[in-house]
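Residue-level listing of the chains:
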Amino acid sequence: MRHSESVRLRPQSDQTRSTGVADSVDQVDANPFGIRRVLAVVIKDLYGTKDVQDAITASYVWMADQIGHLTLGLVPTLVLCWIVSGVGIENETQHVALYAAVAAVIFAVWYRKEQVDKNDSRSRAGGIFAYDSGDIEWNVTTALIYFGIGDLLGFCAFVIWWLPLIALAVALYPALAVAFWWLQRKVAFQQADLPYLYRLANFSQPLATELVKLVEELSNLSDRRVALWDVLTCQKTERKGDPKIRHIILTGAVRAGKTSLCVGIGTEFSFALNRCRYLSAAKLVEHMLDPPEKQGDREYADGRLLWALEYCDLVLVDDVDAGVTGGVGELTRHLVDPNHMTQMLMTNGAPSPLRWLGGKRSVWVIGGRDQVEAWRTAIAQFMGIEIDQIGIVWLGGKISEHKMMPGAQGDLVL
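What counts as what
- Each chain has its residues counted from 1, following the order in which its sequence is written.
- Two thresholds apply to this predicted model, a pLDDT of at least 70 for residue-level local features and 80 or more for giving and counting side-chain atom pairs, whereas whole-chain, interface and lining totals are computed over all residues.
- The side-chain figures draw on all heavy atoms in the structure; neither hydrogens nor water molecules are used.
- By definition, any uninterrupted DSSP run of H or I lasting at least four residues is a helix, any uninterrupted run of E lasting at least two residues is a strand, and each is numbered from the N terminus.
- Accessibility here uses a 1.4 Å probe with only protein chains present; expressed as a share of the type maximum, an area under 20% marks a residue as buried, one over 50% as exposed, and anything in between as partly exposed.
- In what follows, residue pairs with any heavy atoms lying within 4.5 Å of each other are defined as contacts.
- Each axis is a line fitted through C-alpha atoms, and for a helix only the stretch in contact is used; angles between axes span 0 to 180 degrees, taken between their N-to-C directions.
- When an angle is under 35 degrees it counts as roughly parallel; over 145 it counts as roughly antiparallel; between 65 and 115 it counts as roughly perpendicular; any other value is oblique.
- Here the nonpolar group is Ala, Val, Leu, Ile, Met, Phe, Trp, Tyr, Cys and Pro; Asp, Glu, Lys and Arg are the charged ones; every other residue, Gly included, is treated as polar.
- One side-chain nitrogen of Lys or Arg within 4 Å of one carboxyl oxygen of Asp or Glu is enough to make a salt bridge.
- In short, DSSP must find at least two bridges between two strands for them to pair.
- Only buried residues count toward a nonpolar core. Its members are Ala, Val, Leu, Ile, Met, Phe, Trp, Tyr and Cys residues joined through side-chain atoms within 4.5 Å.

(A) Expanded view of the environment of Leu-273. If you trace the backbone, Leu-273 turns up in the loop between α10 (258-271) and β2 (276-280). Judged by relative accessible area, Leu-273 falls into the buried class, the value being 9%. Separated by 240 residues in the primary sequence, Leu-273 and Phe-33 place their C-alpha atoms 7.6 Å from one another. Once residues lying within four places of it in the same chain are set aside, the contact partners of Leu-273 are Phe-33, Gln-184, Arg-185, Ala-188, Glu-238 and Lys-240.

As structure tokens, then:
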């Protein structure tokens, strides 16, 4: 696809100078997490995003955070060095030693703050799923790198005027390499269209060991310990995994944490550098019956570029059936019927437009438990797979209820 064709994806009202420059850097067939894609996002974030006008992206927030870290390292060091420069010491070496002491104290303060934050994050973990200490360590390391660069520049500025230029030249590559590593994950997350960031480690509902393992395999959750050298040399640090069960239904009581668990699966999958997409059942039907315009592996929606469904390795479908209980006789009222959705997607016996999803991964959130088997059958039809390839995770009961038990067809239901 030529460049002029790729730009057509944005409506005229959204095609600005900055988005035009971003599109000129991008390529349709570029690596989805490569330098071109990340650079295009950075250009749009830096020159085209205003949080009072457009939705804030995860990549924009991350870059703003690092600029803040640089400033919090630079400004206090400059101010305190300026104050101590007035101390009546004539020996230049002693002055430099004093500036170095100031810079060390500033860094020590921020180091302590990051360690406290790290411990607080661990204390908030729910204890059900594995805690990805690797990401937390890298979050702390990244903050300290940018604090340290600002701190170093402030110190060098009081030693000799040209020394900050040398320090900046030395620090530039590690700063950019770390930024690229993080921005890959931010792009993966924001193009999944997840409603919020939720790590599985924070999930606190009790689950049986079999279900914990199932969800961890499906989401590619692991304690990713990544070495600094791997980041600096841009080594591939992700693992795809091959789960035994690739499709699950999340069901259970109201406010049992179904959507949180669904979003957590998507967050972990995205942070492992995979393409996934979150959407409601109504939006899924709309996509199938009236496919949006695509640009390679992406589509344009409400000012954002999102992963096109067919290119995703995981699809998360929320609000399939709310299963609201209430009213006369406390009946469960189903807002969506599996038979109606089947008729909608498979009109006149035509093949389902979702058959491509059978070989990938999916999560379906269903509210009412009484129709779970009907939905399980319908979803298997949508994807052209056997019913026993879809596991069921029931939330909201006691942990003893979260066990493998015989299903209606003699298969194992989780």
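(B) The packing of helix α8 (residues 209-219) against α10, seen in detail. Direction vectors running N to C along α8 and α10 enclose 45°, while the axes themselves pass 8 Å from each other. Relative to α10, α8 is oriented oblique. Each of Val-215, Leu-218 and Ser-219 in α8 lies in contact with α10, whose residues at this interface are Leu-261, Ile-265, Glu-268 and Phe-269. Classifying every residue of the contact of α8 with α10 gives five nonpolar, one polar and one charged.

(C) Representation of the pattern of salt bridges. In the structure shown here, the tally under the stated rule is 17 salt bridges. A salt bridge links Lys-113 to Asp-117, with the shortest nitrogen-to-oxygen separation between them at 2.8 Å. Of this pair, Lys-113 and Asp-117 both sit in helix α5 (residues 92-123), separated by four residues, roughly a single helical turn. Here Asp-193 makes a salt bridge to Arg-304, at a shortest N to O gap of 2.4 Å. One end of the pair, Asp-193, is in the loop between α7 (163-190) and α8; the other, Arg-304, is in strand β5 (residues 304-307), with 111 residues separating them in the sequence. Look at Asp-193 and you get partly exposed, because its relative accessible area is 22%.

(D) Looking closely at the side chain of Gln-66. Counting through the fold element by element, Gln-66 comes out in helix α4 (residues 58-84). The residues touching Gln-66, leaving out its near neighbours within four places in the chain, are Thr-142, Ala-143 and Tyr-146.

(E) Spotlight on unusual backbone geometry. One non-glycine residue, Leu-273, lies in positive phi territory at about 60°. Unusually for a residue other than glycine, Asp-319 sits at a positive phi of about 55°. Looking at where Asp-319 falls in the secondary structure, it is placed in strand β6 (residues 314-321). Taking relative accessible area as the criterion, Asp-319 reaches 52% and is therefore assigned exposed.

(F) Spotlight on the sheet that holds strand β9 (residues 361-366). In space, the five strands of this open sheet follow the order β2-β6-β9-β1-β10, with parallel pairing throughout. A strand with exactly one partner marks an edge of an open sheet, and here the two such strands are β2 and β10 (390-395). With strand direction ignored, the average angle separating the axes of adjacent strands in the sheet is 15°. In this sheet, β10 lies alongside strand β1 (residues 247-252) in parallel orientation, the contact comprising six bridges. Bridge assignment links Thr-251 to a residue of β10, and that residue is Trp-394. Where helix α11 (residues 281-289) meets the sheet, it contacts β2, β6 and β9, and its direction lies at approximately 110° from that of β2. Sitting on the sheet, helix α13 (residues 372-383) is in contact with β1, β6, β9 and β10, with an inclination near 145° to β10.

(G) Focus on the sheet that holds strand β3 (residues 294-295). The antiparallel open sheet is built from three strands, whose spatial order is β3-β4-β5. Of all strands in the sheet, those bounded by a partner on one side alone are β3 and β5. Here β3 runs beside strand β4 (residues 298-301); their pairing, made up of two bridges, is antiparallel. Paired with Lys-294 across the bridge in β4 is Glu-299.

(H) Fine view of the nonpolar core. Grouped together as the largest cluster of nonpolar side chains are 32 residues, with contacts concentrated most on Trp-62, Trp-138 and Leu-183. Secondary-structure elements contributing two or more residues to this core are α3 (35-48), α4, α5, α6 (133-157) and α7. The leading source of residues in this core is α6, at 10 residues. When residues no more than four places from it in sequence are discounted, the contact partners of Leu-183 are Val-38, Val-42, Ser-59, Trp-62 and Met-63.

(I) Focus on the packing of helix α12 (residues 338-345) against α13. Running from N to C, α12 and α13 point in directions that differ by 10°, and their axes come no closer than 9 Å. The pairing of α12 with α13 is recorded here as roughly parallel in orientation. Taken together, the residues of α13 that come into contact with α12 (itself represented by Pro-338, Met-341, Thr-342 and Leu-345) are Ala-374, Trp-375, Ala-378, Gln-381 and Phe-382. Considering only residue class, the contact of α12 with α13 consists of seven nonpolar, two polar and no charged.

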